[in-house]
Amino acid sequence: MLARVMGVTTIGIDARLVEVEVDVGTGLPAFNIVGLPDTAVQEARERVRSAIKNSGFTFPARKITVNLAPASLKKSGSDFDLPIACGILSATEQISISPGKRVFMGELSLSGEIKPVKGVLPVAHTLGKERDGHALFVSRDNAREGAVAGGVDVYGFGTLVELCDVLEGKRAVEPVQVEVARWFTRVGEDEEDLREVKGQRHGKRALEIAAAGGHHLLFIGAPGSGKTMLARRLPSILPLLSLEEAIEVTKIHSVGGYLHDDRPLVTVRPVRSPHHTISDVALIGGGQWPRPGEISLAHHGVLFLDEVLEFRRNVLEALREPLEEGRITISRANSQATYPARFMLVLSCNPCPCGYLGDSKRPCTCSFPAVARYRGKLSGPLLDRIDLQVEIPRLEYSEIASENQEESSETVRKRVERARAIQNSRLRERSIRVNGDMKARHVKTHCRCDDKAKKFLERAMENLAMSARGYHRVLKVARTIADLAEMELIGIDQVAEAVQYRTLDRKLLDG
């Protein structure tokens, strides 16, 4: 007997339907799986055999051939346990699966329990976009995650027996429903607030501009000056994720296996802060079967590299292409996957190995070659991609002990949201959301300056030996400053403020 059941596999954050063909024929007992299965798929033979027996069904002592089509597509993971088991039971007429667009996805335990798997949300999202009447059958623990996508009915089951009873019509079950809106009402109780940061007006202003325009940011200063404190408060002034953004982020976390059982949708902008010993593969993604790295897990959020000059240079250089393209394509001998990686990069570093170069209170003990080697890890091309480069000075006692009330994150966030609303209105037809994502063609259209601003920018390019990329980034920052001021035309004040955030790259490179 031949049975056909639909399964599914993920490639990056996209899903592909796989037809699971099961033939139970005459011959010596055997159980073969073909169609480019990996080791985990091959091991399904033992899991499926035990699950069927322990669920009260009969496992046929015949020749079983399972074909996963298309055969040219590499199959990986334990997602195919459930469709293979259903196919065997249907082929042996122990259950009857009526024709329809049912898609099965799940891992089976030896006892017949349906266990959760990774990547259910991308699968449900893809099926929902097709709007072709599909229904998705998964583990009960994955059901809410799949239901978040909308557009497809998702059914959750605890055991193979429960699923078979529903397929046979012995019991009815309703598709899982979730209230997506309620996940956006939660606010972190322990969220760090800008009001806790004393002084550092210049740093706070740069933080606001970065948040408003989605710009990359570098803080440089002596130990204890407040670089990390400022950087860690950036998420508190960022707007909430939209539903579309939240689904994009959740798809990446779902594929990576980072979703929490009690929260099937990521509604808070992700903040990733890897240790300086991280490898380039862990940062950008990879492995034999490409998995998302830190830059993709930070999609629509913040990637914070504290003490960036302690990172290996090859790790930092790997950031250059994703910063420009907003995505990363990982190619391996077995497969290729593309993950989105549109994040805000926030860096902090000391000016030298001892940390006190240029400090007014403590002398620097580093030699010139040591300083040059230390700074050399941050290359010119990478630094050129950082829109805002800000020196954070040491705080004086009067600032630390001040009782003055500092501006709260909520107040700053409202200004940021107004600026982003202006950008969304301007850029929505360009498939980008913020000024930091604009390409050169967008800059030419949307970053118009008055005559004084043009002349000032011309002199700045000559004096700072600014590259073409640096020129465009200055204009993008100036556009954001103008949006914060709700100005249509960029003036000399906005350009001058944007240029001052580019002077640090020359200091770092020239010493």
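Fair warning: this is a prediction, and the values are worked out from it, not measured in the lab. (Residues numbered from 1 in each chain as written. Predicted model: local features only at pLDDT ≥ 70, side-chain atom pairs only at ≥ 80, totals over all residues. Heavy atoms only, no water.)

*Asks:* Run through the overall build of the protein, naming residues and quoting values.
*Replies:* Counting its secondary structure elements, the protein contains 22 helices and 18 strands. C-alpha atoms of the protein, sized along the principal axes, occupy 85 × 45 × 45 Å. Counting all 511 residues of the protein, 53% fall into the buried class. Expressed as a percentage of contacts within the protein between residues at least 6 apart in sequence, the contacts between residues at least 24 apart total 75%. Carbon and sulfur atoms form 48% of the exposed surface of the protein, whose accessible area is close to 23100 Å². In the protein, 72 positive and 67 negative side-chain charges are present, and the distance between their average locations comes to 3 Å. (Helix = DSSP H or I, 4+ residues; strand = E, 2+ residues; numbered from the N terminus. Buried < 20%, exposed > 50% of the residue type's maximum accessible area, 1.4 Å probe, protein only. Contact = heavy atoms within 4.5 Å. Areas by Shrake-Rupley, 256 points an atom, 1.4 Å probe, with all protein chains shown as cover. Lys, Arg positive; Asp, Glu negative; His and termini not counted. Charge placed at Lys NZ, Arg CZ, Asp CG, Glu CD.)

*Asks:* Tell me about the pattern of salt bridges, and name the residues and values.
*Replies:* Within this structure, the stated rule accounts for 30 salt bridges. Here the salt bridges share partners, and the residues they tie into one network are Glu-324, Asp-384, Arg-385, Asp-387, Arg-469, Arg-473 and Arg-502. (Salt bridge = Lys/Arg side-chain N within 4 Å of Asp/Glu carboxyl O.)

*Asks:* Account for the side chain of Glu-208, naming residues and giving values.
*Replies:* Along the chain, Glu-208 turns up in helix H7 (residues 201–213). Sequence-distant contacts of Glu-208, that is, excluding residues within four places in its chain, are made with Ile-237, Val-412, Arg-415, Val-416 and Leu-484.

*Asks:* Please give an account of helix H2 (residues 44–54) that cites residues and values.
*Replies:* All of the buried residues in H2 are Ala-44, Arg-47, Val-48, Ala-51 and Ile-52. In a view along the axis of H2, the buried residues occupy a sector of 120°, so they form one face of it. Check the buried side of H2 and you find it contacts strand S3 (30–34), helix H1 (39–42), helix H3 (81–91), strand S6 (107–108) and helix H6 (160–167). Within two residues after H2, Gly-56 carries a phi angle of roughly 95°, on the positive side. (Arc of directions from axis to C-beta.)

*Asks:* So what about the pairing of strand S9 (residues 153–157)? Which residues, and what values?
*Replies:* Of all 5 residues making up S9, 4 are buried, and the element is well covered by its neighbours. As judged from the 5 bridges shared by strand S8 (residues 135–139) and S9, these two strands associate in the parallel manner. Paired with Ser-139 across the strands is Phe-157, a residue of S9. (Pairing = 2+ DSSP bridges.)

*Asks:* Would you mind going over the sheet that holds strand S14 (residues 302–305) in detail, with residue names and values included?
*Replies:* If you trace the 5 strands from one edge of the open sheet to the other, you get S11-S14-S17-S10-S18, paired in parallel fashion. On the outer flanks of this sheet lie strand S11 (271–272) and strand S18 (388–391), each paired with one strand and no other. Two elements, S11 and S14, share 2 bridges in a ladder whose sense is parallel. Paired with Val-271 across the two strands is Val-302, which belongs to S14. The strands touched by H7 are strand S10 (217–220), strand S17 (344–349) and S18; relative to S18, the strand with the most contacts, the crossing angle is about 165°. (Axes fitted to C-alpha atoms, helices over the stretch in contact; angles between N-to-C directions.)

*Asks:* Give a description of the nonpolar core that names residues and reports values.
*Replies:* The biggest cluster of nonpolar side chains holds 47 residues, and the ones touching the most others in it are Leu-207, Leu-217, Phe-219, Leu-234 and Val-495. With 7 residues, helix H20 (residues 468–484) is the single largest residue contributor to this core. If sequence neighbours within four positions are ignored, Leu-207 has contacts with Leu-194, Leu-217, Phe-219, Leu-230, Arg-233, Leu-234 and Ile-237. With 40 residues, the next largest nonpolar core counts Ile-52, Ile-95, Leu-108 and Cys-164 among its residues. (Core = buried A, V, L, I, M, F, W, Y, C linked by side-chain atoms within 4.5 Å.)

*Asks:* Just give me the short version of the state of the cysteines, but keep the residues and values in it.
*Replies:* Counted by the stated rule, this structure contains 0 disulfides. With no disulfide partner, Cys-354 has as its closest neighbouring cysteine sulfur the one in Cys-352, 3.5 Å distant. With relative accessibility at 24%, the residue Cys-354 sits in the partly exposed group. With no disulfide partner, Cys-449 has as its closest neighbouring cysteine sulfur the one in Cys-447, 7.2 Å distant. (Disulfide = S-S within 2.5 Å.)

*Asks:* Which residues make up the packing of aromatic side chains, and what are the values?
*Replies:* If you walk through the whole model with that rule in mind, you get 4 aromatic pairs. Their ring planes at 20° and their centres at 5.2 Å tell us that Phe-137 and Tyr-155 sit as a pair that is stacked. On the criterion of sequence distance, the pair formed by Phe-137 in strand S8 and Tyr-155 in strand S9 is long-range, its members being 18 residues apart. The pair Phe-137 / Tyr-155 is uniform in exposure class, with both members buried. When the centroid spacing of 5.8 Å and the interplanar angle of 10° are considered together, the rings of Phe-137 and Phe-157 count as stacked. One end of the pair, Phe-137, is in strand S8; the other, Phe-157, is in strand S9, with 20 residues separating them in the sequence. Judged on exposure class, the residue Phe-137 and its partner Phe-157 are both buried. A connected cluster of aromatic rings, assembled from ring pairs, spans Phe-104, Phe-137, Tyr-155 and Phe-157. It is Arg-272 that lies over the ring of Tyr-258; its NZ or CZ is 5.9 Å from the centre. Here the guanidinium or amino end of Arg-362 rests over the ring plane of Tyr-356, the centre of that ring lying 4.2 Å away. (Phe/Tyr/Trp six-rings, centres within 6.5 Å; stacked < 30°, edge-to-face > 60°. Lys NZ or Arg CZ within 6 Å of the ring centre and 35° of its normal.)

*Asks:* Go over H7 with me, naming the residues and quoting the values.
*Replies:* A turn of α-helix holds 3.6 residues, and therefore any two residues three or four places apart point the same way. Between the first and last C-alpha of H7 there are 19 Å, a value that for 13 residues agrees with the 18 Å anticipated at 1.5 Å per step. Taken across its 13 residues, H7 has 10 buried, putting it largely inside the fold. For H7, the full list of buried residues reads Gly-203, Lys-204, Ala-206, Leu-207, Glu-208, Ile-209, Ala-210, Ala-211, Ala-212 and Gly-213. (Expected span 1.5 Å × (residues − 1).)

*Asks:* Summarise the packing of helix H17 (residues 409–427) against H20; cite the residues concerned and give the values.
*Replies:* Close contact between H17 and H20 brings their axes to 8 Å; oriented N to C, the two are set at 115°. H20 is crossed by H17, and the crossing has right-handed handedness. Between H17, through Arg-415, Ala-419, Ile-422, Gln-423 and Arg-426, and H20, the contact on the second element is made entirely by Arg-479, Asp-483 and Leu-484. For the contact of H17 with H20, the class distribution of residues is 3 nonpolar, 1 polar and 4 charged. (Left-handed = near helix turned anticlockwise from the far one by under 90°. Nonpolar A, V, L, I, M, F, W, Y, C, P; charged D, E, K, R; others polar.)

*Asks:* Requested: an account of the environment of Lys-361, with residues and values cited.
*Replies:* On the secondary structure map, Lys-361 appears in the loop between S17 and helix H14 (368–375). Look at Lys-361 and you get exposed, because its relative accessible area is 53%. Residues Lys-361 and Glu-145, spaced 216 residues apart in sequence, show a C-alpha to C-alpha distance of 55 Å. What Lys-361 contacts, discounting residues up to four positions off in sequence, is Arg-394 and Glu-396.

*Asks:* Which residues make up unusual backbone geometry, and what values go with them?
*Replies:* Here the bond from Ala-69 into Pro-70 is cis, since omega is 10°, no more than 30 degrees from zero. Note on placement: Pro-70 falls in the loop between strand S4 (63–69) and H3. Despite not being glycine, Leu-36 shows a phi value in the positive range, around 55°. Along the chain, Leu-36 falls in the loop between S3 and H1. Given the relative accessible area of 38%, Leu-36 is considered partly exposed. Notably, His-300 is not glycine yet its phi reads approximately 65°, a positive angle.

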